[in-house]
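Structural characterization, general
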Amino acid sequence: MKRNPENFDASRMVVTHHEAVSTDGEMIPYTQVGPANGNGDAPVHLTAYGGYGISLLPHYNSSLGKLW
């Protein structure tokens, strides 16, 4: 199969799963992608969607990432 060349080195990144509590007490799961040595204190580009049983998997958008 043919595929595009890698244009982002994700080897220093980690994916962690968390939950937040909404104002009505509902647990809201979220995924955080960031540097392995990070403390969570960093700028973020947040995208969220949750409805109709559809979820978005974490992915890297190179057109946005180069602007970080």
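Thresholds, definitions, all that
- Residues numbered from 1 in each chain as written.
- Predicted model: local features only at pLDDT ≥ 70, side-chain atom pairs only at ≥ 80, totals over all residues.
- Heavy atoms only, no water.
- Helix = DSSP H or I, 4+ residues; strand = E, 2+ residues; numbered from the N terminus.
- Buried < 20%, exposed > 50% of the residue type's maximum accessible area, 1.4 Å probe, protein only.
- Contact = heavy atoms within 4.5 Å.
- Areas by Shrake-Rupley, 256 points an atom, 1.4 Å probe, with all protein chains shown as cover.
- Pairing = 2+ DSSP bridges.
- pLDDT = per-residue confidence, 0-100.

1. Concerning the overall build of the protein
- Along its length, the protein carries 1 helix and 2 strands.
- Secondary structure elements in the protein, listed N-terminal to C-terminal, are β-β-α.
- Taken over 68 residues, the protein has a buried fraction of 3%.
- Summarising the internal contacts of the protein: among those between residues at least 6 apart in sequence, 12% fall at separations of at least 24.
- Total accessible area on the protein is roughly 6800 Å²; 56% of this is exposed by carbon and sulfur atoms.

2. What to know about the pairing of strand 2 (residues 27-35)
- With 9 bridges joining them, strand 1 (residues 13-21) and strand 2 adopt antiparallel strand pairing. Note that in strand 2 the partner of His18 across the bridge is Tyr30.
- Here strand 1 folds back onto strand 2 in antiparallel fashion, the turn holding 5 residues, of which Gly25 has a positive phi close to 90 degrees.

3. Topic: the environment of His17
- Tracing the backbone shows His17 in strand 1.
- Overall, the relative accessible area of 63% leaves His17 in the exposed class.
- Taking the C-alpha atoms as reference, His17 lies 6.0 Å from Tyr30; in sequence the two are 13 residues apart.

4. Description of the confidence of the model for the protein
- When pLDDT is averaged along the protein, the result is 77, and 84% of the positions lie at 70 or above.
- Ranking the elements of the protein by mean pLDDT puts helix 1 (residues 62-65) last with 68 and strand 1 first with 88.

5. Description of the environment of Tyr60
- You can see Tyr60 is positioned in the loop between strand 2 and helix 1.
- In sequence terms Tyr60 and Phe8 are 52 residues apart; their C-alpha atoms lie 8.5 Å from each other.

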